[in-house]
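Observations on the three-dimensional arrangement
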Amino acid sequence: MSLMLDDVGLTHANGFAALSGIKLSVNQGESIALIGPSGAGKTSLLNTMATAYLPSAGRMTVLGQAVSAQSTARELKALRARIGSVHQAAPIPLRQRVVTAVLAGRLGQWPLWKALASLAYPQDIAGAREALERVQLEDKLFARCDQLSGGQLQRVGIARVLYQQAELILADEPVSALDPALSLATVQLLVQEAAARGATLVASLHAVDLALSCFARIVGIRDGRIAFDLPAARVGDAQLQALYGNADGSAVPLPGLHSMVAATPEADAAAIPPVLACR
Ligand SMILES: Nc1ncnc2c1ncn2[C@@H]1O[C@H](COP(=O)(O)OP(=O)(O)OP(=O)(O)O)[C@@H](O)[C@H]1O
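Residues numbered from 1 in each chain as written. Predicted model: local features only at pLDDT ≥ 70, side-chain atom pairs only at ≥ 80, totals over all residues.

If you check an unreviewed UniProt entry, the protein chain appears there as Phosphonate ABC transporter ATP-binding protein from Comamonas guangdongensis.

As structure tokens, this is what we get:
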């Protein structure tokens, strides 16, 4: 089991309860998508899984290790080296070179001398180039991060996680700054990377079409709780309206979702518009 959350709650320092009663089990090698409206708690959940936040309630096991307020700094550091996080806005020092930013993916795995040396002079230029090739950014190897577009910077963050070879990949809106074609290619890349290495992938996506067409399992989050946890083929209009609809129960327009729902694995694969086809 890669992730096990049993009745997990998260209350932020200001007293706001961002997550309550989260029950979720994710097997090693499984890929799941988190969907839900803005402010639902997707980032809070991913940050909790990443151990950036510790649960305020319930029990959580990550990569076989129990995580709680009692976990030691040493335990958490070792665990975090096995987790790769992709953020909406990559937390990369803008004056850093792209090559250094990618190699930072393994800083937690390298001995201190090598990590420090890599900050001064890149220790594995070939490895960084290979990771950048996979996100079509090899020409930016020695560029400074402040010379990149927002979408390019987001792909550097993805190259960093590819280079890290993490056992658990937690991706928070990993394609929010990318155009539709690159979004599809990048989500495919993450799913294929996880499958090839037997890694676990949890990705939050606002692009419901990508979630439904690229992931076998969909977890809907609303108001800090799990609204549903279903195979993609069983997520239809009813689930999506319950997730994104108004609090008074009135429906909201969800453009194009009929075609996307029809494009689930149970439906005719030929019906999937090419730009949405993940498989
Ligand atoms: N550090 C914090 N302190 C207090 N409240 C927070 C904090 N971080 C998030 N929240 C609140 O927790 C709730 C969930 O936020 P979160 O960022 O997890 O949502 P989300 O589903 O990722 O949203 P989005 O799709 O807009 O990124 C929101 O109401 C937010 O205001």
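Concerning the overall build of the protein chain
Along its length, the protein chain carries 10 helices and 10 strands. What you see for the protein chain is a C-alpha radius of gyration of 19 Å, in line with the 19 Å of a compact globule of 279 residues. Each principal axis of the C-alpha distribution contributes one length, and for the protein chain these read about 55 × 45 × 30 Å. Burial analysis of the protein chain (279 residues in total) assigns 42% to the buried set. Excluding contacts between residues fewer than 6 apart, the proportion of contacts in the protein chain whose partners are at least 24 apart in sequence is 66%. (Helix = DSSP H or I, 4+ residues; strand = E, 2+ residues; numbered from the N terminus. Rg over C-alpha atoms; globule rule 2.2 N^0.38 Å. Buried ≥ 20, exposed ≤ 12 C-beta atoms within 10 Å, placed from the backbone. Contact = placed C-beta atoms within 7 Å.)

What about the nonpolar core?
One finds V102, V156, A159, I169 and A211 to be the most contacted residues of the largest nonpolar core, which totals 77 residues. Ranked by residues supplied to this core, first place goes to helix 6 (residues 150–164) with 7 residues. Looking at this core, you find at least three residues from each of domain 1 (1–82 + 171–279) and domain 2 (86–165). Once residues within four sequence positions are removed from consideration, V156 is found in contact with A90, I92, V98, A101, V102, L137, C145 and L148. (Core = buried A, V, L, I, M, F, W, Y, C linked by C-beta atoms within 7 Å. Domains from an automatic or database assignment.)

Concerning the UniProt feature "domain: ABC transporter" (unreviewed entry) in the protein chain
The feature "domain: ABC transporter" (unreviewed entry), as annotated in UniProt, sits at residues 3–248 in this numbering. Here residues 3–248 runs as 36% helix and 24% strand, with 34 Å between its end C-alpha atoms. (UniProt positions renumbered as here; feature names shortened; annotations may be inferred.)

A closer look at the site of the ligand
Near the ligand you find H12, N14, F16, A18, G36, S38, G39, A40, G41, K42, T43 and S44, and these make up its full shell. By residue number, the principal contributor to the shell around the ligand is helix 1 (residues 42–49), which donates 3 residues. Taken together, the residues of the shell around the ligand sort by class into 3 nonpolar, 8 polar and 1 charged. (Near = placed C-beta within 6 Å. Nonpolar A, V, L, I, M, F, W, Y, C, P; charged D, E, K, R; others polar.)

Quick word on the confidence of the model for the protein chain
Summing up the model confidence of the protein chain, the mean pLDDT is 88 and the portion of residues at 70 or higher is 91%. The low-confidence segment residues 258–276, where pLDDT is below 50, has 28 contacts with residues more than four positions distant or belonging to other chains. Overall fold confidence (pTM) sits at 0.89, and the ipTM for the predicted complex is 0.97. (pLDDT = per-residue confidence, 0-100.)

So, unusual backbone geometry
Even without being a glycine, Q136 presents a positive backbone phi close to 60°. Relative to the helices and strands, Q136 is located in the loop between helix 5 (125–134) and helix 6. Among the residues examined, Q136 registers 15 C-beta atoms within 10 Å and is labelled partly exposed. The phi dihedral of E173 falls on the positive side, at around 45°, and the residue is not glycine. As for its position among the elements, E173 is in the loop between strand 7 (168–172) and helix 7 (180–197). Take E173: there are 20 C-beta atoms within 10 Å of it, and that puts it in the buried class.

Description of the domain arrangement of the protein chain
Looking at the protein chain, the domain boundaries give domain 1 (1–82 + 171–279) and domain 2 (86–165). Placing a centre on the C-alpha atoms of domain 1 and another on those of domain 2 gives a separation of 25 Å. Listed as interface residues are 14 residues of domain 1 and, on the opposing side, 14 residues of domain 2. Where the side of domain 1 that touches domain 2 is concerned, the elements lending two or more residues are strand 7 and helix 7. Tallying contributions element by element places helix 7 first for the side of domain 1 that touches domain 2, with 5 residues.

Some words on the environment of L230
Mapping L230 onto the fold places it in strand 10 (residues 225–231). The spacing of L230 and A251 is 21 residues in sequence and 21 Å in space, taken between C-alpha atoms. Residues within four places of L230 in sequence aside, it is in contact with I218, V235 and Q239.

Quick look at the packing of helix 5 against helix 6
At their nearest, the axes of helix 5 and helix 6 sit 9 Å apart, and the two run at 125° to each other. When the axis of helix 5 is compared with that of helix 6, the two are oblique. Taken as a pair, helix 5 and helix 6 cross one another with a handedness that is right-handed. Seen from helix 5, the contacting residues are G127, A128, A131, L132 and R134; seen from helix 6, they are A159, L162 and Y163. Each residue belonging to the contact of helix 5 with helix 6 can be placed in one class, and the counts come to 6 nonpolar, 1 polar and 1 charged. (Axes fitted to C-alpha atoms, helices over the stretch in contact; angles between N-to-C directions. Parallel < 35°, antiparallel > 145°, perpendicular 65-115°, else oblique. Left-handed = near helix turned anticlockwise from the far one by under 90°.)

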